[in-house]
Number of protein chains: 4
Amino acid sequence: MLDNNARGVYAIAPTPFHPDGRVDEKSIDTMVDAYAAAGCEGITVLGIMGEAPKLEAKEALDIATRVIKRAGKMKIIVGVSAAGFAAMRALSNGVMDVGAAGVMIAPPPSLRTDDQIVTYFGQAAEVIGAQTPWVLQDYPLTLSVVMTPGVIRRIITENPSCVMLKHEDWPGLDKISTLRRFEKDGMRRVSILTGNGALFLDFEMERGADGAMTGYCFPDMLVDIVNLSSAGKREEAHDLFDAHLPLIRYEQQQGVGLAVRKYVLMRRGIIASDAQRKPGPALSAETKKEVDYLLSRLARHDQRAQKLAA
Amino acid sequence: MLDNNARGVYAIAPTPFHPDGRVDEKSIDTMVDAYAAAGCEGITVLGIMGEAPKLEAKEALDIATRVIKRAGKMKIIVGVSAAGFAAMRALSNGVMDVGAAGVMIAPPPSLRTDDQIVTYFGQAAEVIGAQTPWVLQDYPLTLSVVMTPGVIRRIITENPSCVMLKHEDWPGLDKISTLRRFEKDGMRRVSILTGNGALFLDFEMERGADGAMTGYCFPDMLVDIVNLSSAGKREEAHDLFDAHLPLIRYEQQQGVGLAVRKYVLMRRGIIASDAQRKPGPALSAETKKEVDYLLSRLARHDQRAQKLAA
Amino acid sequence: MLDNNARGVYAIAPTPFHPDGRVDEKSIDTMVDAYAAAGCEGITVLGIMGEAPKLEAKEALDIATRVIKRAGKMKIIVGVSAAGFAAMRALSNGVMDVGAAGVMIAPPPSLRTDDQIVTYFGQAAEVIGAQTPWVLQDYPLTLSVVMTPGVIRRIITENPSCVMLKHEDWPGLDKISTLRRFEKDGMRRVSILTGNGALFLDFEMERGADGAMTGYCFPDMLVDIVNLSSAGKREEAHDLFDAHLPLIRYEQQQGVGLAVRKYVLMRRGIIASDAQRKPGPALSAETKKEVDYLLSRLARHDQRAQKLAA
Amino acid sequence: MLDNNARGVYAIAPTPFHPDGRVDEKSIDTMVDAYAAAGCEGITVLGIMGEAPKLEAKEALDIATRVIKRAGKMKIIVGVSAAGFAAMRALSNGVMDVGAAGVMIAPPPSLRTDDQIVTYFGQAAEVIGAQTPWVLQDYPLTLSVVMTPGVIRRIITENPSCVMLKHEDWPGLDKISTLRRFEKDGMRRVSILTGNGALFLDFEMERGADGAMTGYCFPDMLVDIVNLSSAGKREEAHDLFDAHLPLIRYEQQQGVGLAVRKYVLMRRGIIASDAQRKPGPALSAETKKEVDYLLSRLARHDQRAQKLAA
């Protein structure tokens, strides 16, 4: 089960599809194996970048189950955000029954006031049950719900089953520092894993993050950054990070980012096709060339990209 | 099957619950019977005011099925708006199989540009299948998607299976006039039924609406307004409308409105309990007293309210 | 100077223009005189419905000055909401120097969290100076900033110069009751005047409002409602209110409402032209006919409308 | 005067303040001189990053005038976005009279439909006068107005005085390609300068941009990128860009970015103080250390940063 000392990299997994839109189960297996080989501590499935809304309820549960079975020692977190609590409860119960380590919950975009936010997460925690560890997702750019550090503290304090913050505010570095200060002042500790495509992972680790939960197409590099930073090898961490930053920045574009991510994962042999289930954007020819160019430049600094260089 | 000549009142049905949160099937039956007795042409279930997001997938299909079986000659429209097309397809196919007359689709709040809106509805129409008649829901106040008359024209023109507009813009009177002018200029006719709790039904009929699709707690009065207005009895229509307007206005408040509606339906004996499934707002004591007072004042003008007067 | 015991009706004044777009100073005078004759306690100028953004800085100050000079005993409140604090300070200082009773401040739409809202009003109060009484405008429907009763309490408690709440939430009746309960529990009293075009004035008075601050085209009727309700004449208050409700509801439409308001004020002889400065919507022919029809129906119940009946 | 063949770098200038909040005129002069020395073709003042809303009307005009006088051959563009057309006209006329090359207009956040957007810019172009060249600002992330390429084409086609697009969509690379294709199909050419803190300048140039209009704290490096890219020196352009990317990414954070920018400009001796006029965020101690660290790492690749290295 997920707990508040979780560390390392939890890969945000895409959902692999065949070009005709069917779920690609074999690619689920190769992908899970690749995350394990990369050194990930866990995988998060059915998140915003997992095309979850395009899945039927049974498909979603089947995918989560397959990942869990394949994952070995890795811990699996399942996104259970839903338009209503009935669907959230059904999915949460379903995946916990088959061995998920915890679930992740994002706020619905309609929430506005501090009290509305705190109330919502209290209700959600009740809905999924006190025994289910859950991750609080803080992602204002996409979800348009702004949580102050004080609101996060209220949620953590009132809900013992909240064990992790998926930190994805932007800017968000000072927020990590503030939350860690709150802990020194007595707030219960939670694990903080950071998202945003790793665009600030270099400094997030230095501010007190426990690792990354994001889907950048080189999860092995994320593991390296976390390990280097944890070992105090600051210059090496930044050198490796900076080599990847041009591609990180490119992949982190809203909307087009998932297509870039799947394209590189396909080129790396981790999944068989970069197809998204309809409706989804396709990469323009110019975009593919730019990604290939970025990979060829990356190959000068990171041998993992060498086989991808044109 | 629903077609573009639909007229009259389609009641937006709430979902009746027992106080403990279970679906109240017996109240579904009494409610359907009451809509038939009121003279409704149809019923719309699982809409925004039907607490649809709180229902599990199976519950939703069961409710729609029960309403359809009970409805007799009335036509049943089912709201199938969903976070993704997979869920939309599943629900749409399910309810059409058991005899629904059509489905209703609202735009997701993330849509912004004209092209995004038109594209979305084209995709949705394909997802539910060309043989399924559907209702375009235009409700900017809650959904924050603004459709110009020109955008609606594009959607109607490009999608032959779109047979009805659920008109709920505010202000929206000139929009009806504009769309009817478009028809004179060659746009395919669609049925226009109006919502917004009937707050402007008096003039909407005069602008060219075919009727109302809303859930005001006196559906029998909506039927009267539509009939009086259609018969050219303008003064009688406005007199009846004005007598109900204080309560219409009160029920049309965002958020609290559904609680008021269920409370009056309960007091009228149409459903057994005014409970909403959690999480939902409860009526304050002051609010209940105000509704009772409005009913007692209404009783002076409309005998249907007399048994409810304090 | 405005204080926290203010009661009665403060008319939200439109800005009268000539058809060519120039400010109509003579109509300012006739309008101010009409508000005095109607029994208003005050006037609010340069609000959202005063077309303030279309005025140059000097014009705005000139209009406020002219109204203040003409107003006699009536108290003048000036809307000073601005994109930045420099412009707010300049206008606030300018109008207080020429005799305004206070200023009104709306939150900028970008505010999201409770703390952001409280901080903003603290800064604004400092900018305009401790000696300047001000009105807190709570209008989520248009401004998209949601303030809980608790946030309003924080603002009132931290800012002694905040003397009034312009209440315009929707739904908002329970909010009045909650704030009045806060006062019983020790919160400093503020005056509460209600807006929303008077759509709920009947019950707002009964919940504890001190009066109305809105621009409905029959301010004399608003004064009657406030007086009748204050005198405990409940049935008479509701009878008069209900007679006006069809027009109140029509005028309260977002966007088109100001055009309706100016049209009726023109027909009543209170201003010379219903022109809005460009860009602004014009009333459609159908809309004018509907307003005329509503006035003719109103004339049966309120003799003030008789000279306007077709 | 600005025309549709403008190329190169137009620096988005901050407004320098003394620590006590007064405008720092001497720093305006040193800043303008630095932009000239860096090789900028122009400067844009009073933009979103220029703290324009905090300036009184006279201050804004004085700043623009001082920059224009000092600028020599550089062309000065002035942001004239305002809550209303009266203020826009006043500022636009004022700055064009003293020698501005053109003005820049952003859409108000309330615009939603394609027609609303096109109509707004048509009105704005009329307000500032046909002889005033203007820049269309497309910045959805901050302004929440989404313009499709088709909408931009309509605006360009209908408004001959629109000579430039400030491109700041995200993702936005394909948008540049699409607009350049429109030109091949007959759309009138406009200059396209890109913003977003230069985060994608490397590829924007390759997609067809004419240069950059942004405020990154090394404008001299922006000039180099534009020149290298224009000269076809792709690898050199990317090498230089990548060296700066860690800092570019850091400075591009919403909200905190301006503080970082001013801090580096101060450290470079371009302005005397990094103060923002109140209310404005201050840099945390951690943030300053991170920026210093990024500068020290940059110094290994770019000698312009060497004197700033710790």
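Residues numbered from 1 in each chain as written. Chains lettered and ligands numbered in written order. Predicted model: local features only at pLDDT ≥ 70, side-chain atom pairs only at ≥ 80, totals over all residues. Heavy atoms only, no water.

Student: Can you help me understand the overall build of chain A in this one?
Tutor: Along its length, chain A carries 12 helices and eight strands. For chain A, the C-alpha atoms occupy an extent of roughly 55 × 45 × 35 Å along the three principal directions. Per-residue burial over chain A gives 64% buried out of 310 residues. Sequence separation of at least 24 residues holds for 73% of the intrachain contacts in chain A that already meet a minimum separation of 6. With the model as given, the accessible surface of chain A reaches about 11100 Å², and the carbon-plus-sulfur share is 52%. Positive and negative charge centroids in chain A, built from 37 and 38 side chains respectively, lie 2 Å apart. (Helix = DSSP H or I, 4+ residues; strand = E, 2+ residues; numbered from the N terminus. Buried < 20%, exposed > 50% of the residue type's maximum accessible area, 1.4 Å probe, protein only. Contact = heavy atoms within 4.5 Å. Areas by Shrake-Rupley, 256 points an atom, 1.4 Å probe, with all protein chains shown as cover. Lys, Arg positive; Asp, Glu negative; His and termini not counted. Charge placed at Lys NZ, Arg CZ, Asp CG, Glu CD.)

Student: Before we go on, may I ask you to explain the sheet that holds strand S3 (residues 75–79) of chain D in this structure?
Tutor: The strands making up a sheet associate through hydrogen bonds between their backbones, and the pairing can be parallel or antiparallel. Residues and elements named next belong to chain D. A barrel is described by the order of its strands in space; here eight strands give the closed sequence S1-S2-S3-S4-S5-S6-S7-S8, paired in parallel fashion. In this sheet, adjacent strand axes meet at a mean angle of 25 degrees when their direction is disregarded. In this structure, strand S7 (residues 191–194) lies alongside strand S8 (residues 211–214), joined through two bridges in parallel fashion. Looking at S8, one finds that threonine 194 is bridged to alanine 212. Here helix H6 (residues 149–158) sits on the sheet in contact with strand S5 (134–138) and strand S6 (162–167), set at roughly 170 degrees to S5. (Pairing = 2+ DSSP bridges. Axes fitted to C-alpha atoms, helices over the stretch in contact; angles between N-to-C directions.)

Student: Whenever I open this one, the interface of chain B and chain A confuses me. Can you help?
Tutor: Between chain B and chain A, the residue contacts involve 11 residues of the former and 11 residues of the latter. Between chain B and chain A the total buried area reaches about 910 Å² when both faces are included, carbon and sulfur atoms providing 65% of it. Our enumeration of links across chain B and chain A arrives at zero salt bridges. Viewed at the interface, chain A and chain B are joined by zero residue pairs in polar contact (both at pLDDT 80 or more). Considering every element that reaches the side of chain B that touches chain A, the biggest residue donor is helix H3 (residues 85–97) of chain B, with three residues. In the side of chain B that touches chain A, the residues fall into seven nonpolar, two polar and two charged. (Buried area = accessible area lost by both parts, 1.4 Å probe. Salt bridge = Lys/Arg side-chain N within 4 Å of Asp/Glu carboxyl O. Polar contact = N/O pair within 3.5 Å; in protein donor to acceptor, adjacent residues only side chain to side chain. Nonpolar A, V, L, I, M, F, W, Y, C, P; charged D, E, K, R; others polar.)

Student: Looking at this model, I keep getting lost on the pairing of strand S1 (residues 8–12) of chain D. Mind explaining?
Tutor: Residues in a regular strand point their side chains to alternate faces of the sheet. Residue and element names in this part refer to chain D. The buried fraction of S1 amounts to five of the five residues, a majority that puts the element mostly inside the structure. Relative to strand S2 (residues 42–45), S1 runs parallel, the two sharing three bridges. Paired with alanine 11 across the strands is isoleucine 43, a residue of S2. Handedness of the β-α-β unit built from S1, helix H1 (residues 25–38) and S2 comes out right-handed. (Right-handed = clockwise from strand over helix to strand, strands pointing away.)

Student: What is the right way to look at the relation of the copies chain B and chain A in this model?
Tutor: A rotation about some axis, followed by a shift along it, carries one copy of the chain onto the other. Rotating chain B by 180 degrees about the axis while translating it 0.0 Å along that axis superimposes it on chain A, leaving an RMSD of 0.0 Å. A rotation of that kind, with that shift, is consistent with a two-fold axis. Within chain B, Ala83(B) has its C-alpha nearest the rotation axis, a separation of 3.7 Å. Of the interface residues in chain B, 100% have counterparts in chain A that sit at the interface too, so the contact is made through matching surfaces. (Least-squares fit on C-alpha atoms with pLDDT ≥ 70 in both.)

Student: It is not clear to me how the interface of chain B and chain C should be interpreted in this structure. Could you clarify?
Tutor: Interfaces are often sized by the accessible area lost when the parts come together. Across the contact, 35 residues belong to chain B and 35 residues belong to chain C. Taking both partners together, chain B and chain C bury about 3200 Å²; carbon and sulfur atoms supply 54% of that area. The largest per-residue losses of area from chain B upon contact with chain C belong to Trp170(B), Arg249(B) and Tyr293(B), which jointly make up 21% of the total buried on that side. Linking chain B with chain C are 14 salt bridges, by the criterion used here. Close ionic contact of Glu290(C) with Arg207(B) constitutes a salt bridge, the shortest N to O distance being 2.6 Å. Summed over the shared surface of chain B and chain C, the number is 24 residue pairs in polar contact (both at pLDDT 80 or more). For the side of chain B that touches chain C, the secondary-structure elements that each account for two or more residues are helix H7 (173–184), helix H8 (201–207), helix H10 (234–251) and helix H12 (285–298) of chain B. Of the residues forming the side of chain B that touches chain C, the biggest block, 10 residues, is contributed by H10(B). For the side of chain B that touches chain C, the class distribution of residues is 14 nonpolar, eight polar and 13 charged.

Student: What exactly am I supposed to notice about the sheet that holds strand S2 (residues 42–45) of chain A here?
Tutor: Residue and element names in this part refer to chain A. Pairing in this closed barrel of eight strands is parallel, and the strands run S1-S2-S3-S4-S5-S6-S7-S8 around the ring. Recorded for the sheet is a direction-independent mean angle of 25 degrees between the axes of neighbouring strands. Relative to strand S4 (residues 102–105), strand S3 (residues 75–79) runs parallel, the two being bridged by three bridges. Following the sheet pairing, valine 78 is matched in S4 by valine 103. Against the sheet, helix H4 (residues 114–128) makes contact with S4 and strand S5 (134–138), and its axis sits at roughly 150 degrees relative to S4, the strand it touches most.

Student: Is there a simple way to explain the relation of the copies chain B and chain C in this structure?
Tutor: Rotating chain B by 180 degrees and translating it 0.0 Å along the rotation axis places it on chain C, where the RMSD comes to 0.0 Å. Taken together, the interface assignments show that 100% of the residues at the interface of chain B recur at the interface of chain C, consistent with an identical surface on both copies.

Student: Just checking my understanding: could you explain the packing of helix H1 (residues 25–38) of chain A against helix H2 (residues 57–70) of chain A for this structure?
Tutor: Geometry of a packed helix pair, given as the angle between the helix axes and the separation of the axes. Residue and element names in this part refer to chain A. Interhelical geometry of H1 versus H2 gives an angle of 40 degrees and a closest axis separation of 10 Å. Classified by the interaxial angle, the pair formed by H1 and H2 is oblique. As for the relative orientation of H1 and H2, their crossing is right-handed in sense. For the pair H1 and H2, the contacting residues are Glu25, Ile28, Asp29, Val32 and Asp33 in the first and Ile63, Arg66, Val67 and Arg70 in the second. Here the contact of H1 with H2 is composed, by residue class, of four nonpolar, no polar and five charged. (Parallel < 35°, antiparallel > 145°, perpendicular 65-115°, else oblique. Left-handed = near helix turned anticlockwise from the far one by under 90°.)

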